[in-house]
Amino acid sequence: MNKTRIAVLVSGGGTNLQALIDSRKNGVIVSGELVLVVSNKPEAFALTRARTAGIETAVITRKECGGAEAFEDRLISLLLEKNIDLIVLAGFMSILSARF
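Described below are features of the structure shown in this document.

Calculation rules
- Residues numbered from 1 in each chain as written.
- Predicted model: local features only at pLDDT ≥ 70, side-chain atom pairs only at ≥ 80, totals over all residues.
- Heavy atoms only, no water.
- Salt bridge = Lys/Arg side-chain N within 4 Å of Asp/Glu carboxyl O.
- Helix = DSSP H or I, 4+ residues; strand = E, 2+ residues; numbered from the N terminus.
- Buried < 20%, exposed > 50% of the residue type's maximum accessible area, 1.4 Å probe, protein only.
- Axes fitted to C-alpha atoms, helices over the stretch in contact; angles between N-to-C directions.
- Parallel < 35°, antiparallel > 145°, perpendicular 65-115°, else oblique.
- Left-handed = near helix turned anticlockwise from the far one by under 90°.
- Contact = heavy atoms within 4.5 Å.
- Pairing = 2+ DSSP bridges.
- Right-handed = clockwise from strand over helix to strand, strands pointing away.

## Looking at the pattern of salt bridges
1) Next: Scanning the entire structure with this criterion turns up 5 salt bridges.
2) Next: Across the pair Lys 82 and Glu 56 runs a salt bridge, and its minimum N-O distance is 3.0 Å. Placement of Lys 82 in the loop between helix H4 (68-81) and strand E4 (86-89) and of Glu 56 in strand E3 (residues 56-59) is noted, with a sequence separation of 26 residues between them.
3) Next: Overall, the relative accessible area of 38% leaves Glu 56 in the partly exposed class.
4) Next: Here Glu 64 ties to Arg 74 by a salt bridge, and the two come within 2.6 Å at their closest N and O atoms. Taken as a pair, Glu 64 in helix H3 (residues 62-65) and Arg 74 in helix H4 lie far apart in primary sequence, 10 residues in all.
5) Next: Taking the relative accessible area as the measure of exposure, Arg 74 reaches 41% and is therefore partly exposed.
6) Next: When salt bridges that share partners are traced, they join Glu 56, Glu 81 and Lys 82 into one network.

Have a look at this one:
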């Protein structure tokens with residue numbers, strides 16, 4: 001059985017992300033795999049938590065993309081590229097549009 005590929009979107013310290021990492025490690029989450037953590041803030045400590053757990057990370061900011069629509073386009077492209085099945089917003093402090 002293939003596991004659900006999960007991406008977690010974060011903006012800060014990553015306490016919610018750590019709870020997911022711990023739940024996966026302790027067998028609470030059995031049918032999902034945390035495969036990607038994406039932050040809109042390069043300094044987010046959640047990225048360190050993810051790297052420590054061996055989870056791939058990415059940073060995408062609205063500023064580098066030139067606006068909200070381009071930010072969402074880049075995020076969607078990354079999620080599709082990584083074959084993500086489920087997105088978890090864990091302290092993600094950016095509003096996503098209905099289009100997303």
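## Details of unusual backbone geometry
In terms of backbone geometry, most residues other than glycine have negative phi values and most peptide bonds are trans.
1) Next: One non-glycine residue, Asn 83, adopts positive backbone phi at about 55°.
2) Next: Tracing the backbone shows Asn 83 in the loop between H4 and E4.
3) Next: Relative accessible area serves as the criterion here: at 51%, Asn 83 is assigned to the exposed category.

## Describing the packing of helix H1 (residues 15-25) against helix H2 (residues 45-52)
1) Next: Two elements in contact, H1 and H2, have axes separated by 9 Å at closest approach and are oriented at 15°. Taken together, the axis directions place H1 and H2 in an arrangement best described as roughly parallel. Between H1 and H2 lies a crossing of right-handed hand. Taken together, the residues of H2 that come into contact with H1 (itself represented by Thr 15, Leu 17, Gln 18 and Ile 21) are Ala 46, Arg 49 and Ala 50.

## Some words on the sheet that holds E4
1) Next: Sheet architecture is open: 4 strands sit in the order E3-E2-E1-E4, paired in parallel fashion. Strands at the two margins of the open sheet, each flanked by one partner only, are E3 and E4. Pairwise comparison of adjacent strand axes, ignoring direction, gives a mean angle of 25° for this sheet.
2) Next: One ladder, built from 4 bridges, connects strand E1 (residues 4-10) with E4; its direction is parallel. Residue Val 8 lies in a different strand from E4, and its bridge partner there is Val 88.

## So, the pairing of E3
1) Next: Bridging between strand E2 (residues 32-39) and E3 involves 4 bridges; their strand directions are parallel. Opposite Val 38, over in E3, you have Ala 58 as the bridge partner.
2) Next: At this point the chain moves from E2, through H2, to the parallel E3, and the crossover so formed is right-handed.

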